[in-house]
Amino acid sequence: MALTRATVRKTPQEISTPSFFQQPIHPGSAITAGDFSVAEVKRILESADALEKENPFRRGDRLAKRRVALLFYESSTRTRTSFELAAKALGADTTLVSSLSSSIEKGESLKDTGITLQALGAECIILRSPYSGAPYLLAQATGLPVLNAGDGMAEHPSQALLDLRTILQFLGIRSSTVGAKTLNGVTVTICGDILHSRVARSNALLLPKLGAKVILCGPPELLPESAAAMGPGILVSRDFDAALGQSKIVMMLRIQAERLAGLQLDLDEYRSRYQASADRIAQHAPRALLMHPGPIIRGMEITAEVADGPQSAIAQQVHNGVAIRMALLVRALAGVKKGGRR
Amino acid sequence: MKPLLIRGGRVVDPESGLDAPRDVLLRDGKIAAIENPGQIKAPGAEVFNAKGLVVATGLIDIHVHLREPGQGYKETIASGTAAAAAGGFTTVCAMPNTIPVNDTPEITRWMQTSERGASIRVFPIAAATRGSMGEILTEYSALKEAGAVAVTDDGRPILGDAIMLEALRAAAQQGLPVIQHAEDTRLTGGCSMNAGALAFRLGLRGMPVEAESGLVERDISLLRKVKNGHLHVAHLSTAKALDAVRDARRQGLHVTCEVTPHHFALTEERIGRYDTDAKMNPPLRGESDRAAMIEGLLDGTVDAIATDHAPHAAHEKEQEFDRAPNGITGLETALGLSLQVLHVRYKMPMAKVLALLSSRPARALGLTGRGSLAPGSPADVLVFDPREKWAFRAADSRSKSKNTPFDGWEMQGRVRLTVSEGRTVFRRD
């Protein structure tokens with residue numbers, strides 16, 4: 001048993017000056033999928049449904065003239081565009097700050113960048129960072145709601161939510177019925193470069209909350225055994241064919257060459273064991289839903305035939321991104337007065 | 001300087017086995033007398049009433065980073081030793097990873113001059129290789145002559161087999177220990193915490209325990225080839241490395257080691273939401289390694305509690321976890337944590353706790369004359385209230401930096417008086 005925080009009574013001054021890393025996180029933030037309760041997941045899914053159906057002119061009033069900053073330290077196509085379209089669909093003003101065209105290049109810290117955006121009137125910041133945990137730092141520095149658009153190898157919670165929406169649509173399950181047992185009996189295999197994947201982590205933390213079993217699949221170099229200890233309902237397997245045989249849902253991940261850090265992989269061997277090819281899918285998972293968060297590397301983790309085939313949900317996933325991100329923005333900003341702390 | 005009579009305290013001196021009510025007289029910078037209560041007559045002496053308090057030899061920290069020369073914005077020798085005095089220390093050994101690296105007799109001497117404003121004794125530890133680059137040995141005899149008490153490249157390991165062997169041989173000739181920062185950096189590139197399930201979940205790269213134990217095992221095998229060699233393992237943090245030290249000692253090799261308070265008080269769970277005040281190297285480990293540190297302290301395998309006091313400015317720590325520098329401050333929390341964890345929770349006798357913070361580290365690094373209350377020794381004395389529980393507040397620290405994971409934590413035992421070579425350097429009434 002490690003030492004725990006003191007129970008010594010604190011003076012009021014102590015309570016009012018917690019250290020930087022003890023600062024509270026705005027409750028409208030979405031930083032880790034692990035923090036969502038089942039009820040919260042249900043509310044987000046229902047909100048996404050409602051916002052998607054809503055008259056665009058009424059919808060455009062919901063966050064009219066609210067200021068949303070997109071702070072992107074890594075490149076992105078899907079996530080950035082869909083957050084931006086979501087914010088605009090709700091009437092918000094958006095601004096994009098990316099590392100190549102800002103003072104970040106001059107060495108400005110994340111904390112100072114956050115404070116600057118806040119001073120410019122940003123009420124919510126959407127952050128993508130190559131550093132795991134960066135959204136906490138930004139949330140602690142500004143007190144603003146922070147939406148995590150991907151942090152290092154850690155998490156990508158909006159992706160996990162849009163993946164969940166895609167899965168529920170495929171299974172014909174309505175958002176209003178979502179609960180802790182909704183995905184009982186459903187096995188989801190996530191295959192590929194799990195080690196470097198924030199999508200895998202967020203899905204592995206989210207889907208078991210609704211009763212799903214998650215099989216993480218890949219070679220030891222890209223998937224340590226300790227991954228299974230991440231949370232309940234998670235298994236590690238090296239046998240893709242066997243995992244496919246049990247799965248209604250299959251998520252393929254690309255190998256993240258930019259994060260391999262010197263790791264050597266035999267790519268032919270990798271393809272032969274873990275590629276989603278037409279033959280393999282036909283043989284082991286002919287009725288499963290095939291997902292991929294993108295970007296896809298055709299011919300590596302997935303063949304063109306499978307990516308473009310009838311089982312593929314890749315385009316549907318991207319489509320669902322806008323509705324989910326609208327729901328997260330409304331959650332972050334609705335009911336919150338302009339301004340925020342500081 | 002007026003003589004000081006510390007009256008009515010419980011004197012605990014592990015070196016002589018004394019643990020009884022005694023009066024202690026300090027005169028001319030030395031321990032002048034220790035006698036039964038009321039026996040010392042010292043007219044004109046200042047009197048400190050130590051009733052209900054413990055009187056012990058000043059604490060000795062053999063592993064601190066005082067950041068001078070070069071990084072005075074983090075700490076200076078003056079501010080670091082002021083923090084040390086507040087923590088009950090009267091001697092610290094300063095690591096050489098300054099800017100420039102302390103690899104010359106000039107810097108070693110510069111650190112000890114009175115202009116630095118040290119409130120307590122500072123013994124420099126010099127670099128084992130030039131610039132701590134791991135290639136060419138420094139001049140051990142000249143460094144020793146200038147006052148260095150050991151050599152190390154701390155902050156990084158002495159990695160190459162050949163250069164480590166050379167260092168052990170050259171140091172043995174001078175009677176100096178080689179202090180190893182045991183980290184096989186070939187296994188820890190880009191890593192910022194302990195390897196395992198938590199690192200995986202947080203999406204951080206982890207340092208395997210083998211990166212530490214492997215290098216300790218390698219060093220022990222090199223030590224076998226060296227006559228009168230002495231290896232000291234800095235900030236040991238894994239059960240595996242501790243086992244290697246234990247085995248080597250059984251075989252009669254001169255291997256000593258130190259453990260930090262944070263490695264016996266905390267586990268990697270303290271990282272929480274990427275709190276960089278829990279980022280240090282070696283990293284906080286899992287519960288089984290933490291428990292092994294306790295075991296090693298209890299069974300005597302561990303020679304010293306050393307803080308690895310490593311101050312950093314707020315703007316350096318308030319960064320993304322991977323980007324923040326390693327290290328935490330520790331001089332003002334070492335005694336309180338050691339008593340809280342080892343004495344209160346694990347029932348280690350008070351004398352044994354104090355020995356781990358004074359006489360045993362002094363012996364490990366050969367700091368002759370330090371770490372004892374024997375008459376004639378330097379008047380390095382600590383008086384503390386063993387019963388007082390208090391909450392440590394980083395904001396009140398005398399260090400220039402506040403990077404501690406123990407802000408707001410309960411401490412057991414509070415320093416009331418620190419005397420360094422006869423001078424009162426800290427007092428809380």
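Every value quoted in this text rests on a predicted model; they were computed, and no experiment measured them. (Residues numbered from 1 in each chain as written. Chains lettered and ligands numbered in written order. Predicted model: local features only at pLDDT ≥ 70, side-chain atom pairs only at ≥ 80, totals over all residues.)

Looking at the overall build of chain B
Counting its secondary structure elements, chain B contains 13 helices and 19 strands. For 429 residues, the compact-globule estimate of 2.2 N^0.38 gives 22 Å, and the C-alpha radius of gyration of chain B, at 21 Å, lies within 12% of that figure. Expressed along its principal axes, the backbone C-alpha trace of chain B runs to roughly 65 × 45 × 45 Å. Looking at chain B as a whole, 62% of its 429 residues are labelled buried. Partitioning the contacts of chain B with sequence separation of at least 6, the portion at a separation of at least 24 is 75%. (Helix = DSSP H or I, 4+ residues; strand = E, 2+ residues; numbered from the N terminus. Rg over C-alpha atoms; globule rule 2.2 N^0.38 Å. Buried ≥ 20, exposed ≤ 12 C-beta atoms within 10 Å, placed from the backbone. Contact = placed C-beta atoms within 7 Å.)

Some points on the sheet that holds strand β9 (residues 289-291) of chain A
Residue and element names in this part refer to chain A. Pairing in this open sheet of 5 strands is parallel, and the strands run β7-β6-β5-β8-β9 from one edge to the other. Each of the sheet's edge strands pairs with one partner strand only, and the pair in question is β7 (234-237) and β9. Going from strand to strand, the sheet's axes swing by 20 degrees on average, the running direction of each strand aside. Pairing analysis gives 5 bridges linking strand β5 (residues 187-191) to strand β6 (residues 213-217), with the strands arranged parallel. The residue bridging T187 from the neighbouring strand is K213, located in β6. Against the sheet, helix α8 (residues 198-206) contacts β5, β6, β7 and β8 (249-252), and its axis sits at roughly 155 degrees relative to β6. (Pairing = 2+ DSSP bridges. Axes fitted to C-alpha atoms, helices over the stretch in contact; angles between N-to-C directions.)

Considering the domain arrangement of chain B
Residue and element names in this part refer to chain B. Domain boundaries in chain B define domain 1 (4-55 + 378-427) and domain 2 (58-364). The C-alpha-based centres of domain 1 and domain 2 are spaced at 26 Å. Contacts between the two partners involve 30 residues from domain 1 and, on the opposite side, 44 residues from domain 2. If you list the elements that add at least two residues to the side of domain 1 that touches domain 2, you get β17 (381-391), β18 (410-420) and β19 (423-427). (Domains from an automatic or database assignment.)

Focus on the domain arrangement of chain A
Note: interface size is frequently given as the accessible area lost on complex formation between the parts. All names here are of chain A. Considered domain by domain, chain A is made up of domain 1 (21-156 + 321-333) and domain 2 (158-319). Between the C-alpha centres of domain 1 and domain 2 there is a distance of 25 Å. Breaking the side of domain 1 that touches domain 2 down by element, the ones donating at least two residues are α2 (38-53), β4 (146-151) and α13 (314-333). Per-element tally for the side of domain 1 that touches domain 2: the top contributor is α2, with 8 residues. The residue inventory of the side of domain 1 that touches domain 2, partitioned by class, reads 15 nonpolar, 6 polar and 7 charged. (Nonpolar A, V, L, I, M, F, W, Y, C, P; charged D, E, K, R; others polar.)

Regarding the nonpolar core
The biggest cluster of nonpolar side chains holds 239 residues, and the ones touching the most others in it are I125, I190, L216, V250, M326 and L329 of chain A together with V151 of chain B. With 10 residues, the top contributor of residues to this core is α13 of chain A. Apart from the residues within four sequence positions on either side, I190 of chain A is in contact with A200, N203, A204, V214, L216, C217, M251 and L253 of chain A. (Core = buried A, V, L, I, M, F, W, Y, C linked by C-beta atoms within 7 Å.)

Here's the deal with unusual backbone geometry
Cis geometry marks the peptide bond from G294 of chain A to P295 of chain A; its omega dihedral reads -10 degrees. The peptide bond linking I99 of chain B to P100 of chain B adopts the cis configuration, its omega dihedral lying at 0 degrees. Position of P100 of chain B among the secondary structure elements: in the loop between β7 (89-94) and α2 (105-112). The phi dihedral of N228 of chain B falls on the positive side, at around 60 degrees, and the residue is not glycine. Positionally, N228 of chain B belongs in the loop between α6 (209-223) and β14 (231-233). The backbone phi angle of D308 of chain B is positive, close to 55 degrees, even though this residue is not glycine. For D308 of chain B, the position within the fold is in the loop between β16 (304-305) and α10 (314-317).

Examining the interface of chain B and chain A
Facing 36 residues of chain B, the contacting portion of chain A comprises 33 residues. Looking at the side of chain B that touches chain A, the elements that each hand over two or more residues are α5 (197-202), α9 (287-299) and β17 of chain B. With 4 residues, the single largest contributor to the side of chain B that touches chain A is α5 of chain B. Grouping the amino acids of the side of chain B that touches chain A by side-chain chemistry returns 13 nonpolar, 8 polar and 15 charged.

Quick notes on α9 of chain B
Residues and elements named next belong to chain B. Taking 1.5 Å of rise per residue, the 13 residues of α9 would be expected to cover 18 Å, and the 18 Å separating its terminal C-alpha atoms lies within 8% of that figure. Taken residue by residue, α9 has D289, R290, A292, M293, G296 and L297 as its buried positions. Projection of α9 onto a plane perpendicular to its axis shows the buried side chains occupying an angular sector of 155 degrees, all on one side. Exposed positions of α9 whose direction lies more than 90 degrees from the buried face are E287, S288 and D299. Its buried side turned inward, α9 meets α6, α7 (239-250), β15 (255-259), α8 (261-265), α11 (334-345) and α12 (350-356). G300 sits one or two positions beyond α9 and adopts a positive phi of about 90 degrees. (Expected span 1.5 Å × (residues − 1). Arc of directions from axis to C-beta.)

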